Amino acid sequence: TLVIAIAIIPLAVFVHSVLSWAFSLTGRPGWNSTIFAPYFVVGALYSGVAMVILVVAGFRAAYRLEGSITPMHFRYLGYLLVTLDVSYLYFTFSELLTEGYVMSQEAAPLLQAILIDRYAPYFWVFIVAGGLVPLLLVALPVTRNVSGIAAAAGLVVGAMWLKRLLIVVPVAARPLISGTWGDFQLTWVAVSITVGAAAAIPLLLMLFFKLVPVLAVSEMEELAAEEMP
């Protein structure tokens, strides 16, 4: 388990760096950014930790593991979530600051569309719901509990989906020759794929836990030893 936990870190960095280069090496305004590799890695860790919190909270309630998975575990996951939250907000601010300060002819229409025009509602919902509100939910002692941290994680997962939309759609919809912007509309196919992919995670975990214990045997033995007088 320890070997897998260590090996997954460079693997995650490598996979999401390659994914970011698929965008940034195109040379297209909005994608051609040197910050994309670390930006994607931090974003993947951010949404990944949020998904872990949701899955753990769901299985904790379903399997009645309140005695094994305590609020302390959620607090530590919440601290990690906040750290990644602040890091991702910093990368977002840094990207907008550098492009907005230079305000090149290619980047100006894209920044306007994202910040104050047609895609502005998506962007500001992402900033508030995916950045500021989760930060407050974990930072404030009154909401730093299982329910509050799970709510913060749910907001992060939804907001990071919006962020992926903001990365892909505005750049692809921006005209390269004519002055007409392309339109984006959600279809039942896209919605079905998104919902199906999200539902596949708990489904696969439920099938997996039919074959292996939810908690490691060593952890169960430690808990049993602590409960013994």
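What counts and what doesn't
Sequence positions are assigned chain by chain, starting from 1 and proceeding in written order. Given that this is a predicted model, residues contribute local features only at a pLDDT of at least 70 and side-chain atom pairs are listed and counted only at 80 or more, while totals for whole chains, interfaces and linings are drawn from all residues. Excluding hydrogens and water, the side-chain figures rest on all heavy atoms present in the structure. Going along the chain from the N terminus, every DSSP run of H or I of four or more residues is numbered as a helix, and every run of E of two or more is numbered as a strand. Burial status follows relative accessibility: with a 1.4 Å probe on protein chains alone, a residue under 20% of its type maximum counts as buried, one over 50% as exposed, and anything between as partly exposed. Residue contacts are counted whenever heavy atoms from the two residues lie within 4.5 Å of one another. The Shrake-Rupley method, run with a 1.4 Å probe, gives the accessible areas here. Residue values count only the displayed protein chains as cover. Asp and Glu are treated as the negative residues and Lys and Arg as the positive ones, with His and the ends of the chain left uncounted. By convention, charge coordinates are those of NZ in Lys, CZ in Arg, CG in Asp, or CD in Glu. Between the first and last residue of a helix there are one fewer steps than residues, each counted as 1.5 Å, and that sum is the expected span. The score called pLDDT rates the predictor's confidence residue by residue, from a low of 0 to a high of 100. Every angle, taken between N-to-C directions, lies between 0 and 180 degrees, and every axis is a line fitted to C-alpha atoms, over only the stretch in contact when it is a helix. Each angle receives one of four descriptions, namely roughly parallel if under 35 degrees, roughly antiparallel if over 145, roughly perpendicular if within 65 to 115, and oblique otherwise. Left-handed describes a crossing whose near helix is turned anticlockwise from the far helix by less than a right angle; the clockwise case is right-handed. Under the convention adopted here, Pro, Cys and the residues Ala, Val, Leu, Ile, Met, Phe, Trp and Tyr are nonpolar, Asp, Glu, Lys and Arg are charged, and Gly plus all remaining residues are polar. Residues belong to one nonpolar core when they are buried, are Ala, Val, Leu, Ile, Met, Phe, Trp, Tyr or Cys, and are joined through side-chain atoms within 4.5 Å.

So, on to the overall build of the protein. For the protein, the helix and strand inventory stands at eight helices and zero strands. Projected onto its principal axes, the C-alpha coordinates of the protein cover approximately 75 × 35 × 35 Å. When each of the 229 residues of the protein is scored for burial, the buried share is 33%. For the protein, the share of sequence-separated contacts (at least 6 apart) that also reach a separation of at least 24 residues comes to 73%. Accessible surface for the protein amounts to roughly 13900 Å². Of this, 72% is attributable to carbon and sulfur atoms. Charged side chains in the protein number 10 positive and 12 negative. The centres of these two groups are separated by 7 Å.

Helix length check: helix α1 (residues 2-24), at 23 residues, gives a terminal C-alpha distance of 34 Å against a target of 33 Å (1.5 Å per residue), a fit within 8%. All of the buried residues in α1 are Ser17, Ser20, Phe23 and Ser24. Residues of α1 that are buried in the fold lie against α2 (36-62) and α6 (146-173).

With respect to the element layout, valine 3 can be found in helix α1. Relative accessible area serves as the criterion here: at 67%, valine 3 is assigned to the exposed category. Each C-alpha atom, one on valine 3 and one on serine 33, is 34 Å from the other, the two residues being 30 residues apart in sequence.

For the protein, per-residue confidence averages 86 on the pLDDT scale, and 92% of positions sit at 70 or higher. Put simply, helix α8 (residues 217-227) is where the protein has its lowest mean pLDDT, 60, and helix α5 (residues 120-139) is where it has its highest, 94.

Take the packing of α1 against α2 next. Following both chains from N to C, one finds α1 and α2 inclined at 130°, their axes separated by 8 Å at the closest point. It follows from the interaxial angle that α1 and α2 lie oblique. The chirality of how α1 crosses α2 is right-handed. Two secondary-structure elements touch here, α1 through Val13, His16, Ser17, Leu19, Ser20, Trp21, Phe23 and Ser24 and α2 through Phe36, Ala37, Phe40, Val41 and Ala44. Looking at the contact of α1 with α2 residue by residue, the class counts come to nine nonpolar, four polar and no charged.

The next thing to look at is the nonpolar core. For soluble globular proteins, the rule of thumb is that nonpolar side chains tend to be buried together. Membership of the largest hydrophobic core comes to 44 residues, with the highest contact counts inside it found for Phe36, Tyr46, Ile53, Phe74, Leu81, Tyr88 and Tyr119. Secondary structure elements with two or more residues in this core: α2, α3 (71-102), α4 (107-115), α5 and α6. The residues touching tyrosine 119, leaving out its near neighbours within four places in the chain, are Ala113, Ile114, Leu166, Val169, Pro170, Ala173, Trp181 and Gly182.

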